[in-house]
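Survey of secondary and tertiary structure
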Amino acid sequence: MTSTPVPAATSDAPASAALLERATRVIPGGVNSPVRAFRAVGGTPRFIASAQGPWLTDADGRRYVDLLCSWGPMILGHAHPDVLDAVRTAAAKGFSFGTPSENEVLLAEEIVARIEPLEQVRLVSSGTEATMSAVRLARGATGRAVIVKFAGCYHGHVDALLAAAGSGVATLALPDSAGVPAEMTADTVVLPYNDVAALEATFAARGGEIAAVITEAAAGNMGVVPPAPGFTEALRRVTREHGALLISDEVMTGFRCSKAGWFGLEGPYAAGAPDLFTFGKVMGGGFPAAAFGGSAELMSHLAPLGPVYQAGTLSGNPVATAAGLATLKGCTDDLYPRLEATAHTIADAASAALSAEGVAHTVQWAGSMFSVFFRDSAVTNYDEARDQDTAAYGRFFHSMLESGVHLPPSAFEAWFVSGAHDDEAIGQVVEALPAAARAAAHGG
Ligand SMILES: *Cc1c(COP(=O)(O)O)cnc(C)c1O
């Protein structure tokens, strides 16, 4: 492994600080998605000016190895030549038509071909729209209202799903956000992740009212917490017994954990496939494209065929679908072992560095997605995920940033690699780890 003489970024980032100052005047908190503000780790978020392959370059001209990959989409690396070509070709033909177009058909065919139980998908513009629409479809198709979700699973900022209220068997779902009236989550039941007994108890009490269970196929939004063996099977079995649907949210894991997402790793299931899947992130290749889908019969409840309304001015946008299709074409059989090898090299080095400094930690996996939890035992649910040393993560994060490695700015996120992470990029990460582990061990 080569290591690199790239100049280390330092903690002072004057151009980013100046942009943040201007941004905070015209954009709430200076950011258009809250986690970007670095509130969980402190300090000044880096304003990124350009990105290429595994590298981000900030407004001060400093270069970072990117372990965020836009929270998942940039699976081939930034500005991949094939995707760039596809985007240029599509854009030269016009940006949006408001009519059907061929790229939508090609992208839908590619998705349906990859995931065996899928017959049809509807394209939307964000993961939030995908889960919101899947929930509406589930309620419309079953004529029932109640949705079961799991604490620590994030499904976008859908009103009914912005509830993760603590643990306990059937927690009454309280909204996590102001502006979400209690009525919006009154039909949401939040259960602990990986808890089959809680699921069975809820269905025994209210099975006839439940439209659907929605779950992250493998949780990635409380850090990576894969379903325990048999958990997904149990979700399928119990929902089916009670005439409820199962929605597998693969917005993060889809086309990331394998060619066919988490389903490709864990499925097919003896009890049957999930009824609905949601996708986003990778399938847009960095552009706003997402999808939800299932059997043709279930999808026929959607307008214009059926009574469940769903629409979008930019849905199936020709440039976004071209980027998504080119990205999926690059997600070949040989990409995934490469991603896993890269991720394991980085995770093993992180673990060795933390062990050398005596820092309690646990690494958890879903395909090539992984998280380093700053605690000494495995995490199976949200309560356990929250029981970690987030201050130590903050010190670790900032040391890595100063050494030119951009991690996710929160202890509750997955680390992502791309097919473009080469020996130079991996070497820079490995070199940065011992100092970061020391910072984690020794406080400010
Ligand atoms: C990112 C994410 C979403 C929301 O997608 P957006 O495109 O940010 O709206 C939904 N579900 C999961 C599992 C996600 O990781």
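The structure displayed is predicted, hence computed values, not measured ones.

Moving on, we get to the packing of aromatic side chains. One pass over the structure, following the stated rule, counts 15 aromatic pairs. Judged by centre distance (5.2 Å) and plane angle (50 degrees), the rings of F370 and W415 are tilted. Of this pair, F370 sits in strand β13 (residues 369-373) while W415 sits in the loop between β14 (405-406) and α14 (423-442), placing them 45 residues apart in sequence. Side by side, F370 and W415 carry an identical accessibility label, which is buried. Cluster of aromatic residues (ring-pair linked, three or more members): F38, W365, F370, F374, Y393, F396, F397 and W415. One residue, R63, lies across the ring of W55, its end atom 3.7 Å from the ring centre. Over the ring of Y382 we find R386, and its NZ or CZ is 4.1 Å from the ring centre.

Right, let's get into the pattern of salt bridges. Enumeration over the complete set of coordinates arrives at 11 salt bridges. Taking the shortest distance from any N to any O, the salt bridge between D275 and R236 comes out at 2.9 Å. In this pair, D275 sits in the loop between α8 (261-266) and β10 (276-279) while R236 sits in helix α7 (residues 231-241), placing the two residues 39 residues apart along the sequence. Exposure remark for D275: the relative accessible area of 18% places this residue in the buried category. R375 is the salt-bridge partner of D387, the closest N and O atoms lying 3.4 Å from each other. Highlighted residues: D387 in the loop between α12 (382-386) and α13 (390-402) and R375 in the loop between β13 and α12, separated in sequence by 12 residues.

Neighbouring the ligand are the residues S126, G127, T128, Y154, H155, G156, E216, N221, D249, V251, M252 and K281. Within the side chain of T128, an N or O atom sits 2.6 Å from an oxygen atom of the ligand. For the ligand, an oxygen atom lies 2.6 Å from a polar atom in the side chain of K281. Coverage of the ligand by the protein chains reaches 82% of its 380 Å² of free accessible surface. Looking at the shell around the ligand residue by residue, the class counts come to 3 nonpolar, 6 polar and 3 charged.

Here we come to the state of the cysteines. Evaluation of the coordinates by the stated rule reveals 0 disulfides. Summary of cysteine pairing: C153 is not part of a disulfide, and the nearest cysteine sulfur, belonging to C257, is at 13 Å. Residue C153 is classed as buried on the basis of its relative accessible area, which comes to 5%. Among the cysteines around C257, which has no disulfide bond, C331 carries the closest sulfur, lying 12 Å off. Residue classification places C257 among the buried residues on the basis of a relative accessible area of 2%.

A rise of 1.5 Å per residue sets the reference length of helix α4 (residues 127-142), with its 16 residues, at 22 Å; its end C-alpha atoms lie 22 Å apart and thus fit the reference within 8%. For α4, the complete set of buried residues consists of G127, T128, A130, T131, S133, A134, V135, L137 and A138. The first or second residue beyond α4 is G143, which carries a positive phi of 70 degrees.

The residue S399 is located in helix α13 in this model. Given the relative accessible area of 13%, S399 is considered buried. Aside from chain neighbours lying at most four places away, what touches S399 is A435, A436 and A439.

The next subject is the UniProt feature "modified residue: N6-(pyridoxal phosphate)lysine" (unreviewed entry) in the protein chain. The positions that UniProt labels "modified residue: N6-(pyridoxal phosphate)lysine" (unreviewed entry) are, in the present scheme, K281. Mapping K281 onto the fold places it in the loop between β10 and β11 (290-294). The exposure class of K281 is partly exposed, given its relative accessible area of 26%. Excluding its chain neighbours within four sequence positions, the residues that come into contact with K281 are W71, P73, V251, M252, G286 and A289.

Rules used throughout
Residues numbered from 1 in each chain as written. Predicted model: local features only at pLDDT ≥ 70, side-chain atom pairs only at ≥ 80, totals over all residues. Heavy atoms only, no water. Phe/Tyr/Trp six-rings, centres within 6.5 Å; stacked < 30°, edge-to-face > 60°. Helix = DSSP H or I, 4+ residues; strand = E, 2+ residues; numbered from the N terminus. Buried < 20%, exposed > 50% of the residue type's maximum accessible area, 1.4 Å probe, protein only. Lys NZ or Arg CZ within 6 Å of the ring centre and 35° of its normal. Salt bridge = Lys/Arg side-chain N within 4 Å of Asp/Glu carboxyl O. Near = heavy atom within 4 Å. Polar contact = N/O pair within 3.5 Å; in protein donor to acceptor, adjacent residues only side chain to side chain. Areas by Shrake-Rupley, 256 points an atom, 1.4 Å probe, with all protein chains shown as cover. Nonpolar A, V, L, I, M, F, W, Y, C, P; charged D, E, K, R; others polar. Disulfide = S-S within 2.5 Å. Expected span 1.5 Å × (residues − 1). Contact = heavy atoms within 4.5 Å. UniProt positions renumbered as here; feature names shortened; annotations may be inferred.

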